[in-house]
Amino acid sequence: IYPARDPIVMGLGFAAIRDIVSCMRYAPADDSGQPNPLNVEGKPAIDYAIGYGRSQPGRFLREFLHLGFNQDIEGRKVLDGVYASLAGSRRIHLNSAFAQPGRFVRQHEDHLFPGDQFPFTYATRTDSISGRTGGILERCLASNTCPKVMHVDASTEFWQGRGSLVVADERGKDVELPEQVRVYLLAGTQHAGPTMLKHSPLFFQNPSYPMNLLNYSPLNRALLVALDEWVAHGTPPPASHHPRVADGSLVPPMPQSGQGFPDIPRVRYPSLINQLSEMDYSHQPPRPIPGHDYTLLVPKVDKDGNEISGIRLPAIAVPQATRTGWNIRGEGYAPGALMVVGSHIPFATTKQERLEKRDPRLSFEERYSSRQHFVDAVTRAANELVKERLLLAEDVERCIAAATEKPNSQ
């Protein structure tokens with residue numbers, strides 16, 4: 001720890017996003033007289049604007065709204081829709097001196113770094129731990145410039161990103177969502193998708209179990225279409241799909257029996273979560289305030305270890321494996337600590353194999369009388385998602401092809 005000097009100006013990205021979108025939406029030309037490149041017959045062609053952010057950009061969008069940047073300097077709305085993905089309850093530490101926006105608090109890293117303190121919810125409320133009042137939409141509600149919001153989290157966000165604080169309060173009670181907000185859990189998925197993992201060694205910390213490479217892109221595609229229809233035509237989107245305290249689908253992570261995770265041989269259930277306390281940043285190094293800990297909850301799972309709430313892809317509704325949002329670091333990388341990836345733990349293929357392994361989860365052959373039986377079940381699950389507008393029709397074919405060609409694939 002040392003005193004620093006000469007910080008560069010941070011936080012300009014908020015103003016840059018606000019001003020470029022506002023210019024493209026409303027101005028026939030910029031301040032220098034350069035015509036708007038999106039002009040049609042001398043007028044801006046944009047009817048609606050949607051902001052999409054995944055992981056760090058998702059946290060950026062939450063802070064963008066929190067700081068009131070969805071109102072331009074003329075008082076007009078900037079973004080009509082916001083898709084904040086994989087952000088959990090966090091925002092981004094950017095609008096301050098010496099900010100390092102790429103950093104974020106995880107169970108094992110950066111616990112003293114800002115960006116994860118109140119407010120967490122979209123609705124304005126008073127936090128009994130910090131005594132503060134606020135909400136992500138507080139400023140835009142006051143200026144009547146709020147966008148339609150879809151908040152979309154993977155399972156990992158509940159273990160690493162304190163995702164429960166988006167839908168439950170600091171004491172573990174359900175909170176009501178504003179009418180312009182929908183929240184979705186992509187059940188049984190990890191923070192980083194398969195493509196991101198190929199290029200991000202950050203996530204390869206000697207995992208104890210095979211990583212969960214379930215592709216949630218089909219759900220993103222359907223939800224983005226629904227957001228577009230909500231913004232442009234007022235078509236109500238699918239109802240929120242997230243765990244709730246009231247129905248028992250959002251529970252404390254410990255003990256294991258309460259969360260419901262089965263006793264799978266050679267699989268260790270995590271004994272920790274990314275805890276959160278109100279921090280005293282007036283002290284260096286910053287320190288947690290004693291007695292100011294937040295209640296953090298995780299999605300409950302079924303007897304197979306798969307989550308019972310959220311949007312369940314066919315791979316979760318018609319499973320061949322247990323898929324989690326958590327994984328545990330192995331030797332050489334702080335063994336026992338949580339990673340920012342999930343786990344993929346396949347079922348046994350046959351009953352005999354299951355009994356030999358003493359696996360409590362039914363084998364593939366005990367669940368499905370044939371491969372075709374399995375494919376038919378996947379087809380039904382996919383079509384049900386289409387009816388709810390949670391999956392595009394074109395992705396049904398992809399789900400069926402994966403079920404047919406890749407048995408027990410990750």
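Peer 1: Break down the packing of helix 12 (residues 371–387) against helix 13 (residues 393–405) for me, with residues and values.
Peer 2: Across the interface, helix 12 lies against helix 13 with an axial gap of 9 Å and an inter-helix angle of 160°. When the axis of helix 12 is compared with that of helix 13, the two are roughly antiparallel. Regarding helix 12 and helix 13, the two cross each other, and that crossing is right-handed. Contacts from Arg371, Phe374, Val375, Val378, Thr379, Ala382, Asn383 and Val386 in helix 12 reach Ala393, Val396, Cys399, Ile400, Ala403 and Thr404 in helix 13. Residues that form the contact of helix 12 with helix 13 fall into these classes: ten nonpolar, three polar and one charged.

Peer 1: Before we move on, can you summarise helix 2 (residues 56–66) with the specific residues and values?
Peer 2: Across the eleven residues that make up helix 2, a large majority, nine, are buried. Burial in helix 2 covers these residues: Gly58, Arg59, Phe60, Leu61, Arg62, Glu63, Phe64, Leu65 and His66. Looking at the buried residues of helix 2, the elements they touch are helix 1 (12–26), strand 3 (50–54), strand 4 (81–85), helix 3 (138–143), strand 7 (148–154) and helix 5 (164–167). Remark: glycine 68 follows helix 2 within two positions and exhibits a positive phi of approximately 85°.

Peer 1: Break down the side chain of threonine 145 for me, with residues and values.
Peer 2: One can find threonine 145 in the loop between helix 3 and strand 7. Classification of threonine 145 as buried rests on a relative accessible area of 2%. There is a polar contact of 2.6 Å between the side chain of threonine 145 and the side chain of serine 143. When residues no more than four places from it in sequence are discounted, the contact partners of threonine 145 are Asn70, Gln71, Gly75, Arg76, Lys77 and Cys140.

Peer 1: Help me get a handle on the pattern of salt bridges, residues and values and all.
Peer 2: Tallied over the full model, the rule gives 22 salt bridges. The shortest N-O distance in the salt bridge between glutamate 109 and arginine 106 comes to 3.6 Å. The partner of arginine 354 in a salt bridge is glutamate 366, with the nearest N and O atoms 2.7 Å apart. Note that arginine 354 is positioned in helix 10 (residues 351–357) and glutamate 366 in helix 11 (residues 364–367), a separation of twelve residues in sequence. By relative accessible area, arginine 354 is classed as buried at 13%.

What counts as what
Residues numbered from 1 in each chain as written. Predicted model: local features only at pLDDT ≥ 70, side-chain atom pairs only at ≥ 80, totals over all residues. Heavy atoms only, no water. Axes fitted to C-alpha atoms, helices over the stretch in contact; angles between N-to-C directions. Helix = DSSP H or I, 4+ residues; strand = E, 2+ residues; numbered from the N terminus. Parallel < 35°, antiparallel > 145°, perpendicular 65-115°, else oblique. Left-handed = near helix turned anticlockwise from the far one by under 90°. Contact = heavy atoms within 4.5 Å. Nonpolar A, V, L, I, M, F, W, Y, C, P; charged D, E, K, R; others polar. Buried < 20%, exposed > 50% of the residue type's maximum accessible area, 1.4 Å probe, protein only. Polar contact = N/O pair within 3.5 Å; in protein donor to acceptor, adjacent residues only side chain to side chain. Salt bridge = Lys/Arg side-chain N within 4 Å of Asp/Glu carboxyl O.

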